[in-house]
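Close look at the chain arrangement
If you want the building blocks of each chain, they are given just below.
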Amino acid sequence: PTNVTGTLSYYARRSVNGCLGPISEITVTVKDGPNDFVANDLSACQGDADNPAINTSLVNPEAGVAYVFKQGATVTSGNTQPSTASTGVTTYTVTATKNGCEVGPKSFDYTINEKPEDPSIDDVEGCSGDAYEIEWSTSAPNGTELNWSMTGNGSVTGEVASGSATWAGSSQDVNFGTITNATG
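Heads up: these notes are all about the structure in this document. In every chain, residue numbers begin from 1 and rise along the written sequence. Side-chain atom pairs in this predicted model are given and counted only at pLDDT of 80 or more, local residue features only at pLDDT of at least 70, and totals for whole chains, interfaces and linings cover all residues. No hydrogens and no water enter the side-chain calculation; it runs on all heavy atoms of the structure.

In DSSP terms, a helix is any run of H or I states spanning at least four residues, a strand is any run of E spanning at least two, and both are numbered starting from the N terminus. Tallying secondary structure elements over the protein chain gives zero helices and 16 strands in all. Each residue's exposure class comes from its accessible area (1.4 Å probe, protein chains only) as a fraction of the maximum for that residue type: buried when under 20%, exposed when over 50%, partly exposed otherwise. Out of the 184 residues in the protein chain, the part that is buried amounts to 23%. At a minimum sequence separation of 6, the contacts of the protein chain that also span at least 24 residues come to 55%. To be clear on the numbers: accessible area is Shrake-Rupley with a 1.4 Å probe, and residue cover counts the displayed protein chains and nothing else. Accessible area for the protein chain stands at about 12300 Å²; split by element, carbon and sulfur atoms hold 46% of it. Any pair of residues with heavy atoms lying within 4.5 Å of one another is described as a contacting pair.

The subject of this paragraph is the side chain of T84. Here T84 shows up in the loop between β9 (74–76) and β10 (88–98). In this structure T84 touches A44, C45, Q46, G47, D48, N51 and I112, once residues within four positions along its chain are discounted.

Another aspect to go through is the pairing of strand β6 (residues 42–45). Of the two faces of β6, the one lined by L42 and A44 is fully buried and the one lined by S43 and C45 carries no buried residue. Pairing between strands is defined by DSSP: at least two bridges between the two strands are required. Alignment of β6 against strand β11 (residues 101–113), held across four bridges, turns out to be parallel. Each bridged residue has a counterpart across the sheet, and for A44 the counterpart in β11 is I112.

Ranked by internal contacts, the top residues of the largest apolar core, which has 16 residues, are F37, L58, Y67, F69, V94, F108 and Y110. When residues of this core are traced back to their parent elements, those giving at least two are β6, β8 (66–71), β10 and β11. Residue contributions to this core peak at four residues, all from β11. Definition used in this section: a nonpolar core is a set of buried Ala, Val, Leu, Ile, Met, Phe, Trp, Tyr and Cys residues joined via side-chain atoms within 4.5 Å.

Spatial strand order, β6-β11-β10-β8-β9: five strands in an open sheet with mixed pairing. What marks the edges here is a single partner per strand, and that holds for β6 and β9. On average, each strand axis in the sheet is inclined to that of its neighbour by 30°, with strand direction left out of account. The angle between two axes is taken between their N-to-C directions and runs from 0 to 180 degrees, where each axis is a line fitted to C-alpha atoms and a helix contributes only its stretch in contact.

This part is about the side chain of N51. Along the chain, the position of N51 falls in the loop between β6 and β7 (58–59). The class of N51 is buried, set by a relative accessible area of 5%. By the criterion applied in these results, polar contacts are pairs of N or O atoms within 3.5 Å in which, for protein atoms, one can donate a hydrogen and the other can accept it, and in which residues neighboring in sequence qualify only through two side-chain atoms. For N51, the side chain forms a polar contact with the side chain of Y110, separated by 3.3 Å. Non-local contacts of N51, meaning those with residues more than four positions away in its chain, are made with A44, Q81, P82, T84 and Y110.

So yeah, pure geometry; function would need other evidence.
This is how it looks when you write it as structure tokens:
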């Protein structure tokens, strides 16, 4: 029997040449085990202190179920926050146990990604009414994204106050815009 819980009894007996033997009872106990589950991959940035614990890989964990996490053969606490000191990928497995029944193991990867360097952009000075450009030229890995925002106590016209750019190649210029009529 599947998808049922409880105790079931089966009865069996042998028959040889028309003669029936005694009846034997077979008891089958079906326990309520854990439901199937999903363990998603996780990632953090190198040097981050607030990286997610490995148990956050579970999607909708079931109450009353024990989840056992392992790295290789070593059992690891689900509250473990892997070290972010160096980059790389660590594979974990997780098994769900309830009433002596198991589901799993399921594997997931925990990736520590390289933290990019701070952007190095030269300050720009100018007089009110001047037009000038802020540019950042750099070489970055494909797919690197630069985000910017503007703050200050002056007024600026013609400026893109915030935005982002994504590298499609090995080197490119990012123009933050032309600032005109700056005051303040």
